[in-house]
Amino acid sequence: DPEALLNHANVLKALGRHEEALAGFDRALAVKPGFAQALNNRGTVYKALGRFDEALADYDRALTLAPGYAEALNNRGSVLQDLKRPAEALASYDMALRAQPDYAAAFNNRGSALLDLGRHADALGCFDRALVLRPQDAEVLNNRGNALQGLLRHEEAVASYDRALALRPDYGEAQGNRGQA
């Protein structure tokens, strides 16, 4: 059963047993070669292992099978950012948001790509959209603070970092960013 194999591999991935998870996704794909979700999830393991080219190949294969697969489009954008290709990442996030307009993670990731491109005001808009969907997301609040810092709006940035730290007091990145602001 490819679904059972997928679920088992997902559990292994969640446990951080990446090599076993890869083997599990391979088994699911052997039973069902056109299994877009297995390709997407295997791509996330490759990404976690720093094997970005293999992750990108899996996302591309998944999208060939399921062109509007928002999660694979978002994940593809994320690995493109890892590969220092923010303009391509932005295009992938845009496609993810066309497929799923209320996808908070894609708004957050799109904002990060825009920060990489130096487009702080546009990034701020993305983070604000993500916060409408997930108001208690410390990562989005941290990223919003980064956009505000880029716009030289330091007091607002500190407030955004403070909100992130209220949600996650041990969030080291937000603490460091707050210090810079």
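Basis of the calculations
In this convention, every chain numbers its residues from 1, walking through the sequence in written order. Confidence filtering applies because this is a predicted model: local features only for residues at pLDDT of at least 70, side-chain atom pairs given and counted only at 80 or more, and all residues used for totals across whole chains, interfaces and linings. The basis for every side-chain value is the complete set of heavy atoms in the structure, and neither hydrogens nor water enter the calculation. A helix here means a DSSP run of H or I that spans at least four residues, while a strand means a run of E at least two residues long, and both kinds are numbered starting from the N terminus. It is over C-alpha atoms that the radius of gyration is taken, and the globule rule equals 2.2 Å times the number of residues to the power 0.38. Here's how the labels work: a residue is buried when its accessible area is under 20% of the maximum for its type, exposed when over 50%, partly exposed in between, all with a 1.4 Å probe on protein chains only. Contact between two residues is taken to exist if any of their heavy atoms lie within 4.5 Å; hydrogens are not considered. Working definition of accessibility: Shrake-Rupley area with a 1.4 Å probe, residue cover restricted to the visible protein chains. Positive: Lys, Arg. Negative: Asp, Glu. His and the chain ends are not part of the count. Note that the charge is assigned to NZ on lysines, CZ on arginines, CG on aspartates and CD on glutamates. To get an axis, a line is fitted to the C-alpha atoms, and for a helix only the part in contact is used. The angle between two axes follows their N-to-C directions and goes from 0 to 180 degrees. To sort the angles, those under 35 degrees are grouped as roughly parallel, those over 145 as roughly antiparallel, those from 65 to 115 as roughly perpendicular, and the leftovers as oblique. The sense of a crossing depends on the near helix, which, turned anticlockwise from the far helix by less than a right angle, makes the crossing left-handed and, turned clockwise, makes it right-handed. Polar here means any residue other than Ala, Val, Leu, Ile, Met, Phe, Trp, Tyr, Cys and Pro, which are nonpolar, and Asp, Glu, Lys and Arg, which are charged; Gly is therefore polar. Take a side-chain nitrogen of Lys or Arg and a carboxyl oxygen of Asp or Glu: if they are within 4 Å of each other, that pair is a salt bridge.

(A) Fine view of the overall build of the protein. Helix and strand counts for the protein come out as 11 helices and 0 strands. In terms of overall dimensions, the protein is globule-like: its C-alpha atoms have a radius of gyration of 18 Å, near the 16 Å expected for 181 residues. On the principal axes, the C-alpha backbone points of the protein span a range of 55 × 30 × 25 Å. In the protein, buried positions account for 48% of the 181 residues. Taking as baseline every contact in the protein between residues at least 6 positions apart, the subset at least 24 positions apart corresponds to 45%. For the protein, the computed accessible surface area is about 8600 Å², with 51% contributed by carbon and sulfur atoms. One finds the centroid of the 21 positive side-chain charges in the protein at a distance of 2 Å from the centroid of its 24 negative side-chain charges.

(B) Fine view of the packing of helix H1 (residues 2–14) against helix H3 (residues 36–48). Running from N to C, H1 and H3 point in directions that differ by 15 degrees, and their axes come no closer than 11 Å. If you check the angle between H1 and H3, you find them roughly parallel. Classified by chirality, the crossing of H3 by H1 is left-handed. On H3, the residues touching Leu 6, Asn 10 and Lys 13 of H1 are Gln 37, Ala 38, Asn 41, Thr 44 and Val 45. Here the residues of the contact of H1 with H3 are counted per class, giving 3 nonpolar, 4 polar and 1 charged.

(C) Fine view of the pattern of salt bridges. Across all of its chains, the model carries 13 salt bridges by this definition. Note that Asp 128 is salt-bridged to Arg 144, the shortest N-O span being 2.6 Å. Taken together, the residues span a long stretch of sequence, with Asp 128 in helix H8 (residues 120–133) and Arg 144 in helix H9 (residues 138–150) at a distance of 16 residues. Of the charged contacts in the structure, one is a salt bridge between Arg 178 and Asp 162, with a shortest N-O distance of 2.4 Å. Of the two residues, Arg 178 sits in helix H11 (residues 172–180) while Asp 162 sits in helix H10 (residues 154–167), which places them 16 residues apart along the sequence. Where salt bridges share partners, they join Asp 26, Arg 42 and Asp 58 into one cluster.

(D) Focus on the side chain of Ser 112. When you line up the elements, Ser 112 lands in helix H7 (residues 104–116). Relative accessible area serves as the criterion here: at 18%, Ser 112 is assigned to the buried category.

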